[in-house]
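Analysis of the macromolecular model
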Amino acid sequence: MDSKKKLLLKLFISTFYLSAFTFGGGYVIVTLMKKKFVDVYHWIDEDEMLDLIAIAQSAPGVMAVNGAIVVGYKLAGLIGSFVAIVATVLPPFIVISIVSVFYTAFKDNVWVSLMLEGMESGVGAVIASVVYDMGKGVFMSKNKELIAIMLIAFVLNCFLNISVVYIVIACGALGYLQTLCKRRRAEK
């Protein structure tokens with residue numbers, strides 16, 4: 001098996017595994033993707049991971065799938081994106097198919113209800129971990145602009161109740177302007 005096929009197989013297995021054992025949405029998978037793709041496999045570095053997650057978060061759609069698309073594309077182009085999408089979508093599809101068959105038995109089961117409530121607590125902890133890891137990365141960079149943007153976004157959303165949609169759009173526009181300014185400086 002050549003190296004590209006091995007990479008695609010490893011990408012499929014790791015993305016399938018992450019998707020199969022991640023409960024709570026896209027932000028939960030971010031920490032697990034970082035651990036797998038940055039810390040274990042060293043396929044991408046931490047700064048690239050933050051950039052890829054920012055792209056995934058800014059795109060419409062499910063965060064886990066968007067994250068898989070950008071990581072898959074970074075590693076193996078379009079075929080990598082396709083492999084990552086299939087691997088990410090397959091576990092929830094299988095689980096939802098099984099649950100839909102047995103829905104009437106599950107909906108009134110006390111144990112299933114308690115298990116799902118317990119999972120909510122775990123999801124909260126994982127999301128807090130993601131916020132801590134990403135925030136720590138920004139503070140460790142000592143980039144005053146990034147720190148200011150992060151703190152302003154936090155204040156706008158948490159204290160002024162401004163929608164995250166507007167904050168993401170504004171940050172995207174700010175990033176675009178910053179890139180234009182850097183290009184113009186480089187051309188001089």
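Here's a quick rundown of the structure. The structure displayed is predicted, hence computed values, not measured ones. All residue numbers here refer to positions counted from 1 along the written sequence of the relevant chain. Since the coordinates come from a predicted model, pLDDT governs what is reported: local features require at least 70, and pairs of side-chain atoms require 80 or more to be given and counted, while whole-chain, interface and lining totals use all residues. Neither water nor hydrogens contribute to the side-chain values; these are computed over all heavy atoms in the structure.

Take the overall build of the protein next. Secondary structure elements are defined from DSSP: runs of H or I of at least 4 residues count as helices, runs of E of at least 2 residues count as strands, and each element is numbered from the N terminus. A tally of helices and strands in the protein yields eight helices and zero strands. Helices and strands in the protein line up, N terminus first, as α-α-α-α-α-α-α-α. Looking at the protein residue by residue over its 188 residues, the buried ones come to 25%. The accessible surface values rely on the Shrake-Rupley method and a 1.4 Å probe; as for residues, cover is taken only from the protein chains in view. Put simply, the protein shows about 12,800 Å² of open surface, and 69% of that area lies on carbon and sulfur atoms. The buried label applies to any residue whose accessible area, calculated with a 1.4 Å probe on protein chains only, is under 20% of its type's maximum; exposed applies above 50%, and partly exposed to all values in between.

Now for the packing of aromatic side chains. Each Phe, Tyr or Trp ring, with Trp reduced to its six-membered ring, pairs with another whose centre is within 6.5 Å; inter-plane angles below 30 degrees give stacked pairs, above 60 give edge-to-face pairs, and intermediate values give tilted ones. Tallied over the full model, the rule gives five aromatic pairs. Relative to Phe16, the ring of Phe12 has its centre 5.8 Å away and its plane inclined at 25 degrees; by these criteria the two rings are stacked. Here Phe12 and its partner Phe16 are both found in helix α1 (residues 3–20), four residues apart, which amounts to about one turn of the helix. Connected via pairs of aromatic rings, a cluster forms that spans Phe37, Tyr41 and Trp43.

Now for the side chain of Ser81. Among the structural elements, Ser81 can be located in helix α4 (residues 63–101). Judged by relative accessible area, Ser81 falls into the buried class, the value being 7%. Throughout this description, a polar contact denotes any pair of N or O atoms lying within 3.5 Å of each other; where both atoms belong to protein, one of them has to be capable of donating a hydrogen while the other can accept it, and for residues adjacent in sequence the pair is counted only when both atoms sit in side chains. Looking at Ser81, its side chain comes within polar contact range of the main-chain nitrogen of Tyr73, at 3.3 Å. When residues no more than four places from it in sequence are discounted, the contact partners of Ser81 are Ile69, Gly72 and Tyr73. Contacts are assigned to residue pairs that have any heavy atoms within 4.5 Å of one another.

Expected span of a helix, by definition, is 1.5 Å for each gap between consecutive residues, and there is one gap fewer than residues. With 18 residues, α1 should reach 26 Å at 1.5 Å per residue; the first-to-last C-alpha distance of 25 Å fits that figure. Within α1, the full set of buried residues consists of Leu8, Leu11, Ser14, Thr15, Leu18 and Ser19. Seen from one end, α1 has its buried residues packed into an arc of 140 degrees, which puts them on one side. For α1, the exposed residues lying more than 90 degrees away from the buried face are Lys5 and Lys6. Starting at the helix axis, one direction is taken to each C-beta atom, and the arc is that of these directions.

So, about the pattern of salt bridges. By definition here, a salt bridge exists when the distance from a side-chain nitrogen of Lys or Arg to a carboxyl oxygen of Asp or Glu is within 4 Å. The final tally for this structure, using the stated rule, is two salt bridges. Across the pair Asp39 and Lys34 runs a salt bridge whose closest N-O atoms are separated by 3.1 Å. For Asp39, a relative accessible area of 37% gives the class partly exposed. With a shortest N-O distance of 3.1 Å, Glu48 and Lys74 are connected by a salt bridge. With Glu48 in helix α3 (residues 46–58) and Lys74 in helix α4, this pair connects stretches of sequence that are 26 residues apart.

None of this, on its own, says anything about what the molecule does.
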